[in-house]
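Take a look at the letters that make up each chain.
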Amino acid sequence: ALQLKGRDFLGLIDYSPEEIRYLLDLAIELKRKQKSGEVYQPLKGKSLGMIFEKSSTRTRVSFEVGMYQLGGQALFLSKNDIQMGRGETIRDTAQTMSRYLDGIIIRTFGHRNVVELARGATVPVINALSDQSHPCQALADYQTVLEMKGKLEGLKISYIGDGNNMTHSLMMGAAKLGMHFTSASPAGYEPAADIIQLAKEAAAQTGGRIDVLRDPREAVEGADIIYTDVWASMGFEEEQKEREKAFKDYQVNEQLVKHAKSDYMFMHCLPAHRGEEVSEGVIDGKHSVIFDEAENRLHAQKAVMAAIM
Ligand code: CP
Ligand code: NVA
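The model shown is predicted, which means the values in this text are computed figures rather than measured ones.

Chemist: Any chance you could explain the site of ligand 1 here in plain terms?
Modeler: Neighbouring ligand 1 are Ser56, Thr57, Arg58, Thr59, Leu129, Gln137, Cys269 and Leu270. Taken domain by domain, the shell around ligand 1 gets at least three of its residues from each of domain 1 (12–133 + 296–308) and domain 2 (137–293).

Chemist: What's the story with helix 6 (residues 165–176) in this structure? I'm lost.
Modeler: Helix length check: helix 6 (12 residues) gives 17 Å between terminal C-alpha atoms against 16 Å at 1.5 Å per residue, within 8%. With respect to burial, helix 6 is a largely interior element, 12 of its 12 residues being buried. Of the residues making up helix 6, those classed as buried are Asn165, Met166, Thr167, His168, Ser169, Leu170, Met171, Met172, Gly173, Ala174, Ala175 and Lys176.

Chemist: Hey, could you run me through the UniProt feature "domain: Aspartate/ornithine carbamoyltransferase Asp/Orn-binding" (unreviewed entry) in the protein in this one?
Modeler: Cross-referencing UniProt, the feature "domain: Aspartate/ornithine carbamoyltransferase Asp/Orn-binding" (unreviewed entry) maps to residues 153–307 in the present numbering. In this annotation, residues 153–307 is assigned 41% helix and 15% strand; the end-to-end C-alpha distance for the span is 23 Å.

Chemist: What is the right way to read the domain arrangement of the protein from this model?
Modeler: How big an interface is tends to be stated in terms of the accessible area lost upon association of its parts. As far as domains go, the protein holds domain 1 (12–133 + 296–308) and domain 2 (137–293). Each of domain 1 and domain 2 was reduced to a C-alpha centroid, and the two centroids are 24 Å apart. Each partner contributes residues to the interface: domain 1 has 21 residues there, and domain 2 has 23 residues. Elements that contribute at least two residues to the side of domain 1 that touches domain 2 include exactly helix 1 (17–35) and helix 12 (290–308).

Chemist: What's the story with the confidence of the model for the protein in this structure? I'm lost.
Modeler: Averaged over all residues, the pLDDT of the protein equals 98, while 100% of them reach at least 70. Scored by ipTM, the complex comes to 0.99, with pTM at 0.98.

Chemist: Where do I start with the site of ligand 2 in this structure?
Modeler: Near ligand 2 you find Leu129, Asn164, Asn165, Met166, Asp229, Val230, Ser233, Met234 and Cys269, and these make up its full shell. Looking at side-chain class alone, the shell around ligand 2 contains five nonpolar, three polar and one charged residues.

Chemist: Looking at this structure, how should I read the UniProt feature "domain: Aspartate/ornithine carbamoyltransferase carbamoyl-P binding" (unreviewed entry) in the protein?
Modeler: On the UniProt side, "domain: Aspartate/ornithine carbamoyltransferase carbamoyl-P binding" (unreviewed entry) is annotated at positions that read residues 7–147 here. Between the first and last C-alpha atoms of residues 7–147 the distance is 26 Å; the span itself is 45% helix and 14% strand.

Chemist: Explanation requested: the packing of helix 2 (residues 58–69) against helix 12 in the structure shown.
Modeler: What describes two packed helices is the angle between their axes and the distance between those same axes. At a closest axis distance of 9 Å, the pairing of helix 2 and helix 12 adopts a crossing angle of 50°. In this view, helix 2 runs oblique relative to helix 12, as classed from their interaxial angle. Pair helix 2 / helix 12 crosses with right-handed handedness. Here Arg58, Thr59, Ser62, Phe63, Val65, Gly66, Met67 and Gln69 of helix 2 come into contact with helix 12, specifically with Ala294, Arg297, Leu298, Gln301, Lys302 and Met305. Here the contact of helix 2 with helix 12 is composed, by residue class, of six nonpolar, five polar and three charged.

Chemist: Can you help me understand the environment of Val304 in this one?
Modeler: Examined against the element boundaries, Val304 turns out to sit in helix 12. Here Val304 falls in the buried class, since 26 other C-beta atoms lie within 10 Å of it. Each C-alpha atom, one on Val304 and one on Ile20, is 9.7 Å from the other, the two residues being 284 residues apart in sequence. Aside from chain neighbours lying at most four places away, what touches Val304 is Phe9, Leu23 and Ile126.

Chemist: Explain the packing of helix 6 against helix 7 (residues 193–206) here, please?
Modeler: Axis separation between helix 6 and helix 7 bottoms out at 7 Å; the angle between their running directions is 20°. When the axes of helix 6 and helix 7 are compared, the pair comes out roughly parallel. As helix 6 runs across helix 7, the sense of the crossing is left-handed. Contacts between helix 6 and helix 7 pair His168, Met171, Met172, Ala175 and Lys176 from the former with Ile195, Ala199, Ala202, Ala203 and Thr206 from the latter.

Each value, and the rule that gives it
Residues numbered from 1 in each chain as written. Chains lettered and ligands numbered in written order. Predicted model: local features only at pLDDT ≥ 70, side-chain atom pairs only at ≥ 80, totals over all residues. Near = placed C-beta within 6 Å. Domains from an automatic or database assignment. Helix = DSSP H or I, 4+ residues; strand = E, 2+ residues; numbered from the N terminus. Expected span 1.5 Å × (residues − 1). Buried ≥ 20, exposed ≤ 12 C-beta atoms within 10 Å, placed from the backbone. UniProt positions renumbered as here; feature names shortened; annotations may be inferred. Contact = placed C-beta atoms within 7 Å. pLDDT = per-residue confidence, 0-100. Nonpolar A, V, L, I, M, F, W, Y, C, P; charged D, E, K, R; others polar. Axes fitted to C-alpha atoms, helices over the stretch in contact; angles between N-to-C directions. Parallel < 35°, antiparallel > 145°, perpendicular 65-115°, else oblique. Left-handed = near helix turned anticlockwise from the far one by under 90°.

Here it is, written out as structure tokens:
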């Protein structure tokens, strides 16, 4: 049997293929329950703390509503409004909060903050985005693919653009799920070498494949899914101008998508910049599933919380 109670959810790397598939199936089941009006409240009386050091629309709303639907409650804790913003250590914050809460999510810059919080806390900690990874989004995205394509194994997902937190989590997820992941990023913006290495090792266990490339056209050849994300992530806004130059040949547009399969899906974690990383025609076109992904944040995170809390 799977042992998920009490676990942290810091990255897909810590979860086996079976555990990830279990979470995806549970997400689909919880979505069905919610849509049919069935009340399911395994977290009645439980409380979730949500520490945010960066902005959020989807993550904040979906965790807060998800916790409510599961019978519990959520507290929004802006980093600037808690003592952590004045220098209280993450370790003391973690220990204090563990006395009140049944789970903590954190959105922060340095991934080491996530790890430190998890180390100090005695309740499960969930990574709600760090500069290194965004596993909740990747889980919701693979739920979306599974629902729409009916399978994951063997599908080709091509990520175009900045080798960022999304790239890392999608790459690791694809590796665990036996998919073919390709990416194309300009020089200097490649995904992290250590994560590529770990993803390749995971892919070797599942029949998946990871190809980190330079040329967008080569990367999207025959793709089932094309994914992109902003050129300047949160915390990199001051690099916007130089990034626009570096990424000018990396826009997902009508020309590029011609090289994918005719029934390709377009995906983006949002928020998006139309006319930069993706053309308006593609992101608002009939292949785009961006709001299904956004919706599935709710269901996928409910699955994670129901499983580990
Ligand atoms: N995709 C995502 O995490 O969106 P938010 O930044 O709005 O939470
Ligand atoms: N890569 C983006 C994702 C936002 C959900 C960022 O970190 O800003």
